[in-house]
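# Analysis of the macromolecular model
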Amino acid sequence: MHVLRVSEHADAARDGAVLSEEERARAASFVRRADRDRYRVAHTALRHELAAYLGTGAADVPFVREPCPLCARPHGRPAVPGNPVHFSLSHAGDLVLLAFDDAPVGADVEEYPSARTVAETAGALHPRERAEIGRLPAAGRPAAFARCWTRKEAYLKGTGAGLGEAPDITYVGTLAVPAGVPGWSLADVAVPEGYAAAVAVAVPRPADPGTP
């Protein structure tokens, strides 16, 4: 796991030297400088980390899209050919979160939402999650919602389904400890105050005893 501050790396990543033409065009399409910097820092860091794993130059890291688990079309999880390492990227505010593993992995980081956003969005969660948030005092709801949402996003990124699976289907919980999800290990990630983050890794892992 790697947690980066965009503000600490923006200057070094601003030239986009290791990014592909498509990535540079994507970065340039953002109107706000903060959004451009966040994208460049995230994708530059991802390329450098993958280059170290793959033994290649950062600019030469190849990317593909895996088949979507819902429709089998090639818009599932981003990957490198052959999956020698699995990865996931997320960014929000001033933070970038990168996760790497030898099994499918998903990661997500979010800023705490406003109370209004929680009120407007909590209805999309699993019924048990809605009930948990509803029992909390108003001041505790943004953090609980953020914990839940990052766990859910991490899991759905890991499976490759993304929001192609409705967020009310899988229960991940809003409490201090993530709920168990069959086939996956969920964990919260320590991040600065005002943010929540989570990672999901497929299990059993390839090296686990009893793995076929």
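Above this text you will find the structure in question.
Structural notes, computed from the coordinates. (Residues numbered from 1 in each chain as written. Predicted model: local features only at pLDDT ≥ 70, side-chain atom pairs only at ≥ 80, totals over all residues. Heavy atoms only, no water.)

Turning to helix α1 (residues 6-13), a few remarks are in order. In an α-helix, one turn spans 3.6 residues; hence positions three or four apart end up facing the same way. Within α1, the full set of buried residues consists of V6, A10 and A13. An end-on view of α1 places all buried positions within 85 degrees of arc, on one side of the element. Residues of α1 that are exposed and point over 90 degrees away from its buried face: E8, D11 and A12. Taken together, the buried residues of α1 touch β1 (2-5), α3 (33-54) and β5 (95-101). (Buried < 20%, exposed > 50% of the residue type's maximum accessible area, 1.4 Å probe, protein only. Helix = DSSP H or I, 4+ residues; strand = E, 2+ residues; numbered from the N terminus. Arc of directions from axis to C-beta. Contact = heavy atoms within 4.5 Å.)

Right, let's talk about the nonpolar core for a bit. If you look at the biggest cluster of nonpolar residues, it comprises 21 residues, and the most contacted ones within it are L46, L50, V96, L98 and F100. Contributing elements (two or more residues each) for this core: α1, α3, β4 (86-92) and β5. Looking at this core, the element that brings in the most residues is α3, giving six residues. Each residue touching F100, except ones within four places of it in the same chain, is listed here: H2, L46, E49, L50, Y53, V85, H86 and F87. I133, W149, L156 and V181 belong to the second largest nonpolar core, which has 18 residues in total. (Core = buried A, V, L, I, M, F, W, Y, C linked by side-chain atoms within 4.5 Å.)

We now examine the pairing of strand β8 (residues 195-202). In terms of burial, β8 is a largely internal element, eight of the eight residues being buried. A two-sided burial pattern is seen for β8, the buried positions comprising Y195, A197, V199 and V201 on one face and A196, A198, A200 and A202 on the other. Here seven bridges tie strand β6 (residues 105-111) to β8, and the two strands are oriented antiparallel to one another. Each bridged residue has a counterpart across the sheet, and for E110 the counterpart in β8 is A196. Alignment of strand β7 (residues 184-188) against β8, held across five bridges, turns out to be antiparallel. Bridge pairing in β8 places L186 opposite A200. Between β7 and β8, which pair antiparallel one after the other, the connecting turn spans six residues, and G194 there sits at a positive phi close to 95 degrees. (Pairing = 2+ DSSP bridges.)

Ordered by their spatial adjacency, three strands build an open sheet running β1-β5-β4, and the pairing between neighbours is antiparallel. The sheet is open, and its two borders are formed by β1 and β4, each paired with just one other strand. When strand polarity is set aside, the average angle formed by the axes of neighbouring strands in this sheet is 15 degrees. Relative to β5, β4 runs antiparallel, the two being bridged by seven bridges. Across the sheet, the residue bridging to H86 is D101, located in β5. (Axes fitted to C-alpha atoms, helices over the stretch in contact; angles between N-to-C directions.)

What follows is about the side chain of D108. Within the secondary structure layout, D108 lies in strand β6. Judged by its relative accessible area of 2%, D108 falls in the buried class. In this structure the side chain of D108 is engaged in a polar contact, spanning 3.1 Å, whose partner is the side chain of S90. Separated by 3.4 Å, the side chains of D108 and K157 make a polar contact. Leaving out residues up to four positions away in the same chain, D108 has contacts with S90, L97, W149, T150, E153, A154, K157, A196, A197 and A198. (Polar contact = N/O pair within 3.5 Å; in protein donor to acceptor, adjacent residues only side chain to side chain.)

Distances and angles like these do not, on their own, reveal function.
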